[in-house]
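# Results of the structural survey
Below, each chain spelled out in residue letters.
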Amino acid sequence: RKADFAVKVYDTVLSANALKLKEDELEKAAEVFIKAAEIRTTFDREARQFGACGLKNLAANDDNRQAMWADMKVRNALLNCATLDPEETADEETINCALEAFASLALDPVNRGPMWFNPRVRIILVGRAKTPANFYDARKHALAALRNMAVNKLVAKLMWLDIWGARRAF
């Protein structure tokens, strides 16, 4: 049963990558990705990874970014994946996909300020940006998200004033 769900999520990822989905198909795909990304058990890691990577792929499309950021379920699913233990190498790709999704969401000018002012997102991104060099990809994606948010002049100023947080991460 668990393997069937992972296959369903993987198939949804493939179809989402293969073509531009219509709005109703996009919502169905997002629901599958969210459900998978919200999994907290270790035995369903593969489905969670596919879910996080599916959300990352959806966030890569300019047309999806504002709606995805506004959707609390998407945000919580990405936060769930971004806060996994990086020492668990099986979860490394899941973490990277969630952070890369945040970096894509921060490309939208409307999302930049609200992303910075969301304390959970800010703490996770700054924390991941300050991770050791052996977590290169997670650090790279977190820094990309912060960089994208810093295009907003107010956010850039606040990052500069955050001496022990964002400023130190850069």
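Cut-offs and rules
- Residues numbered from 1 in each chain as written.
- Predicted model: local features only at pLDDT ≥ 70, side-chain atom pairs only at ≥ 80, totals over all residues.
- Heavy atoms only, no water.
- Helix = DSSP H or I, 4+ residues; strand = E, 2+ residues; numbered from the N terminus.
- Buried < 20%, exposed > 50% of the residue type's maximum accessible area, 1.4 Å probe, protein only.
- Contact = heavy atoms within 4.5 Å.
- Areas by Shrake-Rupley, 256 points an atom, 1.4 Å probe, with all protein chains shown as cover.
- Axes fitted to C-alpha atoms, helices over the stretch in contact; angles between N-to-C directions.
- Parallel < 35°, antiparallel > 145°, perpendicular 65-115°, else oblique.
- Left-handed = near helix turned anticlockwise from the far one by under 90°.
- Disulfide = S-S within 2.5 Å.
- Core = buried A, V, L, I, M, F, W, Y, C linked by side-chain atoms within 4.5 Å.
- pLDDT = per-residue confidence, 0-100.
- Salt bridge = Lys/Arg side-chain N within 4 Å of Asp/Glu carboxyl O.
- Phe/Tyr/Trp six-rings, centres within 6.5 Å; stacked < 30°, edge-to-face > 60°.
- Lys NZ or Arg CZ within 6 Å of the ring centre and 35° of its normal.
- Polar contact = N/O pair within 3.5 Å; in protein donor to acceptor, adjacent residues only side chain to side chain.

## Some points on the overall build of the protein chain
The number of helices and strands found in the protein chain is 11 helices and 0 strands. Going from the N terminus to the C terminus, the protein chain shows its helices and strands as α-α-α-α-α-α-α-α-α-α-α. Put simply, the protein chain has 170 residues, and 48% of those count as buried. Within the protein chain, residue pairs in contact and separated by at least 24 positions form 64% of the contacts whose partners lie at least 6 positions apart. When the accessible surface of the protein chain is split by element, carbon and sulfur atoms take 55% of a total near 9000 Å².

## Digging into the packing of helix α5 (residues 72–82) against helix α8 (residues 119–129)
With their axes 11 Å apart at the nearest point, α5 and α8 run at an angle of 30 degrees to one another. As summarised for this structure, α5 and α8 are arranged roughly parallel, according to the angle between their axes. Judged by the sense of rotation from one axis to the other, the crossing of α5 with α8 is left-handed. Every residue of α8 that contacts α5 at Asn76, Leu79 and Ala82 is listed here: Arg120, Val121, Ile124 and Arg128.

## Re the state of the cysteines
In protein structure, a disulfide is the covalent linkage between the sulfur atoms of two cysteines. Tallied over the full model, the rule gives 1 disulfide. Note on cysteine connectivity: Cys53 is disulfide-linked to Cys97, with sulfurs 2.1 Å apart. A torsion of 75 degrees about the S-S bond marks the disulfide between Cys53 and Cys97 as right-handed. A residue pair is termed long-range when its members are at least 10 positions apart, and Cys53 in helix α3 (residues 45–59) and Cys97 in helix α6 (residues 92–105) qualify at 44 residues. For Cys97, a relative accessible area of 1% translates into the label buried. Distance from the sulfur of Cys81, which forms no disulfide, to the nearest cysteine sulfur (Cys97) is 8.7 Å.

## What to know about the nonpolar core
Formed by 46 residues in total, the largest nonpolar core has its most connected members in Leu55, Phe102, Leu125 and Met149. In terms of residues, this core owes the most to one element, α6, which gives 8 residues. Setting aside residues no more than four positions away along its own chain, Leu125 makes contact with Leu99, Phe102, Ala142, Ala145, Leu146 and Met149.

## Focus on the confidence of the model for the protein chain
Residues at a pLDDT of 70 or more form 84% of the protein chain, whose mean pLDDT is 84. Confidence, expressed as mean pLDDT per element, reaches its minimum in the protein chain at helix α1 (residues 2–18) with 53 and its maximum at helix α7 (residues 109–117) with 97.

## Thoughts on the pattern of salt bridges
Tallied over the full model, the rule gives 4 salt bridges. Asp91 is the salt-bridge partner of Arg45, the closest N and O atoms lying 3.1 Å from each other. Placement of Arg45 in helix α3 and of Asp91 in the loop between α5 and α6 is noted, with a sequence separation of 46 residues between them. The burial state of Arg45 is the same as that of Asp91; both residues are buried. With its nearest N and O atoms 2.5 Å apart, the salt bridge here joins Arg65 to Asp62. It is possible to trace a salt-bridge network through shared partners that takes in Arg45, Arg48 and Asp91.

## Things to note about the packing of aromatic side chains
Each aromatic ring pair is specified by the distance between its two centres and by the angle formed by the two planes. What the rule picks out here adds up to 0 aromatic pairs. Over the ring of Trp116 we find Arg122, and its NZ or CZ is 5.3 Å from the ring centre.

## What to know about the side chain of Thr131
Structurally, the position occupied by Thr131 is in the loop between α8 and α9 (136–149). Residue Thr131 is classed as buried on the basis of its relative accessible area, which comes to 15%. There is a polar contact of 2.7 Å between the side chain of Thr131 and the backbone oxygen of Arg128.

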